[in-house]
Amino acid sequence: MNKIYLLLFTIFLSSCAELTTIMESYPIDVPLSEAEVANGLKEALRVGTDSASAHLGVTDGYYGDDLVKIVLPEEANMIVDNLSKIPGGDKLVEDLILRINRAAEDAAKDAGPVFWKAVQEMTINDAFTVLKGEDDAATQYLKSNTYVELFDLYSPKIKASLDKEIVAGVSTTESWETLTGKWNRIADNTFAQMAGLKPVHTELPDYLTKQALSGLFIKIAEEEKHIRQDPKARVNDILKRVFE
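Note that this is a predicted model, so its numbers are computed, not measured. Here, residues in each chain are numbered from 1, in the same order as that chain's written sequence. Only residues with pLDDT of at least 70 get local features here, since the model is predicted, and only at 80 or more are side-chain atom pairs given and counted; chain-wide, interface and lining totals rely on the full set of residues. Each side-chain value is derived from all of the structure's non-hydrogen atoms; neither hydrogens nor water enter the calculation.

Asker: Can you help me understand the confidence of the model for the protein chain in this one?
Answerer: Detailed conclusions should not be drawn from predicted coordinates in areas where pLDDT is low. When pLDDT is averaged along the protein chain, the result is 78; 77% of the residues meet or exceed 70. pLDDT is a residue-level measure of predictor confidence that goes from 0 to 100. In this description a helix means any DSSP run of H or I spanning at least four residues, a strand means any run of E spanning at least two, and both kinds are numbered starting from the N terminus. Least confident of the elements in the protein chain is helix α1 (residues 2-25), whose mean pLDDT is 42; most confident is helix α7 (residues 137-162), at 92. Only heavy atoms enter the contact rule, under which two residues are in contact if any of them lie within 4.5 Å. Low confidence marks residues 4-28, where pLDDT is under 50. Its contacts with residues over four positions away, or in another chain, come to zero contacts.

As structure tokens, then:
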């Protein structure tokens, strides 16, 4: 009788060993927990924002990319036209645009911590809403939670570039205010308005800062779409499982 029990026990152990081998060969994919999904999405946001900031925070990150290059508003044609009348005026305008873009590139280097703070504050509910959203859902989440702080980061750098002298001791800011002031005195006239003339009220520093931030979020949206759609962009296991 003892021999029979011994034989059965031996068969049982053998079966367990075979079962273990089979399970190791064909592992079961255990569903991710809510916390793991949230952490995976946060990692995706970290990867995406780091990549976008790194792309823009180098020389020609803005200036060399036509998609995000910052240019003067259409109303600035008044400045451009006046500068073009003097020798080397066109170069002065291009130097101004270059300085503005360099300021934005400098600001982009410091954008990472702003994004990471917003990412760390993301709740599990936020994470699932973003995960199930459109291709730019994470970008929109970041925009709504970081825009004001990023504006405060970019704005002084852009303004500093506008306050530098461009010619004859006059800065872009001074030129803009003088020319728009003169134009508005004419355009505010009733007869001028009847003729279709409109006053210019664009605040140049604010406009250019908004352009810089628009470019930043364009790049983040590109990175988000890339991670969502291209498995090769998922640089670690948690990203692969969250976005599979």
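Asker: Mind showing me how you'd approach the packing of aromatic side chains here?
Answerer: Working definition: an aromatic ring pair is given by the centre-to-centre distance plus the angle between the planes. Two aromatic rings from Phe, Tyr or Trp, using only the six-membered ring of Trp, form a pair when their centres are within 6.5 Å; if the ring planes differ by under 30 degrees the pair is stacked, by over 60 it is edge-to-face, and anything between is tilted. This model, assessed by the stated rule, comprises three aromatic pairs. Seen from their ring centres, F115 and F217 are 6.1 Å apart, and the 90° between their planes marks the pair as edge-to-face. Here F217 lies in helix α10 (residues 204-229) and F115 lies in helix α5 (residues 112-120), a separation of 102 residues in the sequence. Their ring planes at 20° and their centres at 6.4 Å tell us that Y147 and F217 sit as a pair that is stacked. Of this pair, Y147 sits in helix α7 while F217 sits in helix α10, and the two are 70 residues apart along the sequence. Each residue's exposure class comes from its accessible area (1.4 Å probe, protein chains only) as a fraction of the maximum for that residue type: buried when under 20%, exposed when over 50%, partly exposed otherwise. A relative accessible area of 25% means that Y147 is categorised as partly exposed. Through pairs of rings, three or more aromatic residues link up here, namely F115, Y147, F151 and F217. Definition used: whenever NZ (Lys) or CZ (Arg) falls within 6 Å of the ring centre and also within 35 degrees of the ring normal, the charge is taken to sit over that ring. Lying across the ring of Y63, K69 places its NZ or CZ 4.5 Å from the centre.

Asker: Quick question: what am I supposed to make of the packing of helix α2 (residues 34-56) against α10 here?
Answerer: The axes of two packed helices give the description: the angle between them and the distance between them. Axis geometry follows a simple rule: fit a line to the C-alpha atoms, using only the stretch in contact for helices, then measure angles between N-to-C directions, giving values from 0 to 180 degrees. One can describe the packing of α2 onto α10 by two numbers: an axis separation of 9 Å at closest approach and a directional angle of 135°. Taken together, the axes of α2 and α10 lie oblique to each other. In this structure, the crossing between α2 and α10 has a hand that is right-handed. Packed against α2, whose contacting residues are A44, V47, G48, T49, S51, A52, H55 and L56, the element α10 presents G215, L216, K219, I220, E223 and I227 at the interface. Among the residues making up the contact of α2 with α10, the classes are represented as seven nonpolar, five polar and two charged. If an angle is under 35 degrees, it is roughly parallel; if it is over 145, roughly antiparallel; if it lies from 65 to 115, roughly perpendicular; otherwise it is oblique. A crossing counts as left-handed when the near helix is turned anticlockwise from the far one by less than a right angle, and as right-handed when that turn is clockwise. Following the grouping adopted for this structure description, the nonpolar residues are Ala, Val, Leu, Ile, Met, Phe, Trp, Tyr, Cys and Pro, the charged ones are Asp, Glu, Lys and Arg, and the polar ones are all others, Gly among them.

Asker: Is there a simple way to explain the environment of L213 in this structure?
Answerer: Within the secondary structure, L213 sits in helix α10. As for L213 and A108, which are separated by 105 residues in sequence, their C-alpha atoms are 9.1 Å apart. Residues in contact with L213, not counting those within four places in the same chain, are Y147, L150, F151 and Y154.

Asker: So what exactly am I meant to see when it comes to the pattern of salt bridges here?
Answerer: Side chains that differ in charge, positive against negative, can pair when their charged atoms come close. One speaks of a salt bridge when a side-chain nitrogen belonging to Lys or Arg is within 4 Å of a carboxyl oxygen belonging to Asp or Glu. Counting across every chain of the model gives ten salt bridges. Here K159 and D163 are joined by a salt bridge, their closest N and O atoms 2.9 Å apart. Each member of the salt-bridge network shares a partner with another, and the members are E43, R46 and D50.

Asker: Looking at this structure, how should I read the packing of α5 against α7?
Answerer: Between α5 and α7, the shortest axis-to-axis distance is 9 Å and the interhelical angle comes to 135°. With respect to α7, the element α5 is oriented oblique. For the crossing formed where α5 meets α7, the hand is right-handed. Contacts from V114, F115, K117, A118 and V119 in α5 reach Y141, L142, N145, T146, E149 and L150 in α7. Looking at side-chain class alone, the contact of α5 with α7 contains seven nonpolar, two polar and two charged residues.

Asker: Help me out: how do you make sense of helix α4 (residues 89-108) in this one?
Answerer: Because an α-helix completes one turn every 3.6 residues, residues spaced three or four positions apart along the sequence face the same direction. What a helix is expected to span follows from its residue count: subtract one and scale by 1.5 Å. A rise of 1.5 Å per residue sets the reference length of α4, with its 20 residues, at 28 Å; its end C-alpha atoms lie 29 Å apart and thus fit the reference within 8%. For α4, every residue scored as buried is listed here: G89, L92, V93, L96, I97, I100, N101, A103, A104, E105, A107 and A108.

Asker: Got a minute to help me understand a negative patch on the surface in this structure?
Answerer: Like-charged residues are merged into a patch within 9 Å and nonpolar side chains (Val, Leu, Ile, Met, Phe, Trp, Tyr) within 5 Å, provided each residue has over 30% relative accessible area and no salt bridge. Working definition of accessibility: Shrake-Rupley area with a 1.4 Å probe, residue cover restricted to the visible protein chains. Under the convention used here, Asp and Glu are negative, Lys and Arg are positive, and both His and the chain ends fall outside the count. Charge positions come from single atoms, namely NZ of Lys, CZ of Arg, CG of Asp or CD of Glu. A surface patch of like charges, here negative, comprises E165, E174, E177, E203 and D206. Following the sequence through the fold, D206 ends up in helix α10.

Asker: I keep staring at the nonpolar core and nothing clicks. Help me out?
Answerer: In globular proteins that are soluble, nonpolar side chains generally tend to be buried together. In terms of nonpolar packing, the biggest core is built from 45 residues, with Y62, L142, L150, Y154 and L216 touching the most fellow members. Only α2, α4, α5, α6 (124-131), α7 and α10 provide two or more residues apiece to this core. Take this core: its biggest share by element is ten residues, from α7. The set of buried Ala, Val, Leu, Ile, Met, Phe, Trp, Tyr and Cys residues whose side-chain atoms join them within 4.5 Å is what this entry labels a nonpolar core.

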